[in-house]
Amino acid sequence: MLLSASGMLGLQAQTLTFKTARFKAMDDPACAAPSYDDKNWQTLKVTQVWDGQGVPENTRYGWYRFTMRIPKSLVEASDLKECLEFHLGPIDDADEAYLNGTLIGKTGKMPSDEGGYHSAWSTPRVYQVKLDSKAIRWDEENVLAVRCYSGNHPGGMFVPEGVVVKVPSRIDGTTLSFSRKPSAKEPTCTVQLGSTHQTALSGQLTVEVIDPETEQTLNTITRKVSGVKAGKPVSVDVPYDLSRMLQIKASFKEKKSGCTVASIHQPQYILTPAAPAAPRFNTPALYGARPGSPIHFRFGVSGERPMKITSSNLPAGLSINPDNGALSGSIAKPGGYTFTVCAENAKGKAEQKFTIRVGSKIALTPPMGWNSWNCWGLSVTQDKVISSAKALIEKGLADYGYAYMNIDDGWEAPQRNADGTIAVNEKFPSMKELGDWLHSEGLKFGIYSSPGDLTCGGYLGSIDHELQDAESYNSWGVDYLKYDWCGYGRKHATEPDNQTVASFVRPYLLMERCLRQQPRDIFYSLCQYGMADVWKWGEAVDANSWRTTGDITDTWTSMYDIGFVRQAELQPYAKPGHWNDPDMLIVGKVGWSANLRDSRLTPDEQYTHISLWTLLASNMLIGCDLAQLDDFTIGLLCNNEVNAVNQDILGIQAKRDIEDGDIQIWTRPLSDGSRAVGIFNVGAEPMRVDFGKYLKQLGLEGLSSVRDLWRQKDLSTTDLRYYIPTHGVRYIKVK
Ligand code: GLA
């Protein structure tokens, strides 16, 4: 969302801007006092987090101090004269701000606060002080001191435009916000005009629905408004078509100052067509298992329930639960076993030939499922895993192949049992029951540990207990282990050969041997952020996937860097059984804690994210709260033609074939002889792209078919001009 202001008669507020401050990593309440001696503190940029600026590793508390003269002329330049404002930007994770020793604002919670630590890292801080407050020393030196607490990397202030101090003008406090009206039958956007100030504003609010592709205005609503002030917003509802890419533009012209503020919002749009009521198979027709290992697989079939899923020629040793399509049993002898599966409901019947390949390889297609980290962080519980699994089934995600239910960090007890086996904490009453229940639904059970003494979240790791832990996982029915370097870094630092690749391989090889002694197939997921080019040796330790980068977060910068920049050279390393992992999905409600919010990616960015991850043959692990899935997110995750690219049994990852300014074209060959093509606009402006001009370079001359994968529609083979929004994609399959 972009909020821009333009003024004619209005006074422009004067501002003081600070890009650096005095800083010290420590915690002492005395730092709030203006007289505190900070001469020996370091000077730190406030435009970026403290990590990487010479601040000690694992700093939790730090104080920033800004010394400033606050001129009275700031007041004279304002047509509002209400308060002095401190714009501190977002802060990782919680803060308290003091002006000359007086607390003027606080966001998030520090560990000693009531209720304990709560991160509010993404909230921009704006603290107001009344102009007549004794805390302000006009035309004299003032000290703004900010106490910060960081729960985890990264930490501190990060406000790219710098800390701004001003006495706002009338128009400055205006806010325009957009939300989907939950109660409305038809998709409706509520545009709310508000103010952060006590002075009432009046003027004209205009809301337009625009088709960005044709630049046509489809609907305009104009309203005269008055009395808008803090706590007294006004709103306008505007209906829109959910199946189209649209923009909603709101502008407010304030009467007295003549200034206008405007903001553009992109509402969510659903391109995936509704699934037919008759049964449709959505999962690949191939599954790999090792000889004698228990098989847990659920046939992904969409369509009306009740539905019966059966097979008349199942290989000996296997059975299907007809009510949920869960396949179980085991096959001892290596080989290919092909059979026909039939799904039938009141609306029709579908059949699929299915092959189980019993041999040394598992994960013949990338894993699909859910992981607790991006939503619950360390607050994950057994109940949350169960409710998420139920939602996975109820909301139809299991019908599209999402099967792994993976507990990330936060399940271990502080101490091992007396016999050295790993103990679970009070949040997980019974791992065995959880595993059994997931398997009865045809789902799979995943868990997390570290080769070090402690995990990233400070829970017990597996060091010196690798075999015991692998045995516990087997006894609980674990099907997936994410093995996260973290605490191992301390041991590694002391090893004499820590410059060698062997030193990075060692802990992973050790656990691999322990896992392979277990009589079950455990997907082995390496998480060490790409160190020592893990993609070059991941297969050698029989890893099924390896994280290629640090942690993803729900911003364009993070997703762009991980998806577009860091995967560009990794195409040769992915193959059936062994996948590059650019980290979990950041759609839906995420938050890395008990406080969830909508992904900060725009709808276009989310289409880009899923398109790119499917092209990259990436692990498709959903990271949001499944119980709160909305239709938009379901549309993103449950498009059978899009997912089919990810699950294609050829298993060849996409390559970036074209990079032409902001246009990137990534393509991957598919097992039916066609090619999946993602045409991405990574730039900040929408683009019109003529795909035709790249055909020769892509070896695609003489196209015989073009299919829009999101819309599931055939497109012209001659007119290949596409509108691609900012950070958006046109995802096609061509022959
Ligand atoms: C690391 C990993 C994350 C998550 C956390 C858990 O940061 O990269 O994916 O597992 O640890 O603490």
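Residues numbered from 1 in each chain as written. Predicted model: local features only at pLDDT ≥ 70, side-chain atom pairs only at ≥ 80, totals over all residues. Heavy atoms only, no water.

### Topic: the packing of aromatic side chains
Now for step 1: Taken as a whole, this structure holds 31 aromatic pairs when the rule is applied.
Now for step 2: Relative to Trp50, the ring of Phe23 lies with its centre 5.5 Å away and its plane at 45°, an arrangement referred to as tilted. Here Trp50 lies in the loop between strand 4 (42–45) and strand 5 (61–69) and Phe23 lies in strand 3 (residues 20–24), a separation of 27 residues in the sequence.
Now for step 3: Ring geometry for Tyr483 and Tyr524: centres 6.3 Å apart, planes at 45°, overall tilted. Taken together, the positions of Tyr483 in strand 33 (residues 480–484) and Tyr524 in strand 34 (residues 523–527) put the pair 41 residues apart, joining distant regions of the chain. For the pair shown, Tyr483 and Tyr524 are each scored as buried.
Now for step 4: Pairwise contacts between aromatic rings join Tyr287, Phe297, Phe299, Phe339 and Phe354 into one cluster. (Phe/Tyr/Trp six-rings, centres within 6.5 Å; stacked < 30°, edge-to-face > 60°. Helix = DSSP H or I, 4+ residues; strand = E, 2+ residues; numbered from the N terminus. Buried < 20%, exposed > 50% of the residue type's maximum accessible area, 1.4 Å probe, protein only.)

### Focus on helix 9 (residues 556–565)
Since the α-helix advances by 3.6 residues per turn, residues separated by three or four positions end up pointing in the same direction.
Now for step 1: All of the buried residues in helix 9 are Trp556, Ser558, Met559, Ile562, Gly563 and Phe564.
Now for step 2: Where the residues of helix 9 are buried, they touch helix 10 (603–615), strand 40 (655–660), strand 41 (663–669) and strand 42 (675–681). (Contact = heavy atoms within 4.5 Å.)

### Examining the sheet that holds strand 23 (residues 295–298)
Now for step 1: Read from one edge to the other, the open sheet built from 3 strands follows the order 23-27-26, with strand pairing classed as antiparallel. Strand pairing shows two members of the sheet lacking a second neighbour, strand 23 and strand 26 (318–321), which therefore form its edges. Neighbour-to-neighbour, the strand axes of this sheet turn through a mean angle of 20°, independent of strand direction.
Now for step 2: The pairing of strand 26 with strand 27 (residues 326–329) spans 4 bridges and is classified as antiparallel. Counterpart to Asn321 in the pairing with strand 27 is Ala326. (Pairing = 2+ DSSP bridges. Axes fitted to C-alpha atoms, helices over the stretch in contact; angles between N-to-C directions.)

### Description of the site of the ligand
Now for step 1: Contacts to the ligand come from 13 residues, most closely from Asp408, Asp409, Lys482, Asp484 and Asp551.
Now for step 2: Within the side chain of Asp409, an N or O atom sits 2.7 Å from an oxygen atom of the ligand.
Now for step 3: Interatomic distance of 2.9 Å between a side-chain N/O atom of Asp484 and an oxygen atom of the ligand.
Now for step 4: In isolation the ligand exposes 300 Å². Once the protein is present, 93% of that is buried. (Near = heavy atom within 4 Å. Polar contact = N/O pair within 3.5 Å; in protein donor to acceptor, adjacent residues only side chain to side chain. Areas by Shrake-Rupley, 256 points an atom, 1.4 Å probe, with all protein chains shown as cover.)

### Focus: the sheet that holds strand 25 (residues 307–310)
Now for step 1: Across the sheet, which stays open at both edges, the 4 strands sit in the order 22-29-28-25 with mixed pairing between neighbours. Here the strands that pair on one side only, and so sit at the sheet edges, are strand 22 (286–289) and strand 25. With direction set aside, neighbouring strand axes in the sheet form an average angle of 25°.

### Notes on helix 7 (residues 501–516)
Now for step 1: Spanning 16 residues, helix 7 covers 22 Å between terminal C-alpha atoms, matching the ideal 22 Å at 1.5 Å per step.
Now for step 2: Most pronounced at Pro507, the bend in helix 7 amounts to some 30°.
Now for step 3: Of the residues making up helix 7, those classed as buried are Ser503, Phe504, Val505, Pro507, Tyr508, Met511, Glu512, Cys514 and Leu515.
Now for step 4: Of the surrounding secondary structure, the elements contacted by the buried residues of helix 7 are helix 5 (466–476), strand 33, helix 6 (488–494), strand 34 and helix 8 (534–537). (Expected span 1.5 Å × (residues − 1). Bend = angle between axes of the 7 residues up to and from the residue.)

### A word on the side chain of Ser293
Now for step 1: Examined against the element boundaries, Ser293 turns out to sit in the loop between strand 22 and strand 23.
Now for step 2: Given a relative accessible area of 5%, Ser293 falls into the buried group.
Now for step 3: Side-chain polar atoms of Ser293 contact the side chain of Asp521, separated by 2.6 Å.

### Things to note about the environment of Lys733
Now for step 1: Note on placement: Lys733 falls in strand 47 (residues 729–734).
Now for step 2: Between the C-alpha atom of Lys733 and that of Leu193, which follows or precedes it by 540 residues, the distance is 43 Å.
Now for step 3: Sequence-distant contacts of Lys733, that is, excluding residues within four places in its chain, are made with Leu670, Asp672, Ser674, Arg675, Ala676, Ser705, Val706, Arg707 and Leu709.
Now for step 4: Side-chain polar atoms of Lys733 contact the side chain of Asp672, separated by 2.9 Å.

### Here's the deal with the state of the cysteines
Now for step 1: In this structure the tally under the stated criterion is 1 disulfide.
Now for step 2: With no disulfide of its own, Cys259 has Cys83 as its nearest cysteine by sulfur position, at a separation of 17 Å.
Now for step 3: Here Cys259 falls in the buried class, since its relative accessible area comes to 3%.
Now for step 4: There is no disulfide at Cys514, and the cysteine sulfur nearest it, in Cys527, is 19 Å away. (Disulfide = S-S within 2.5 Å.)

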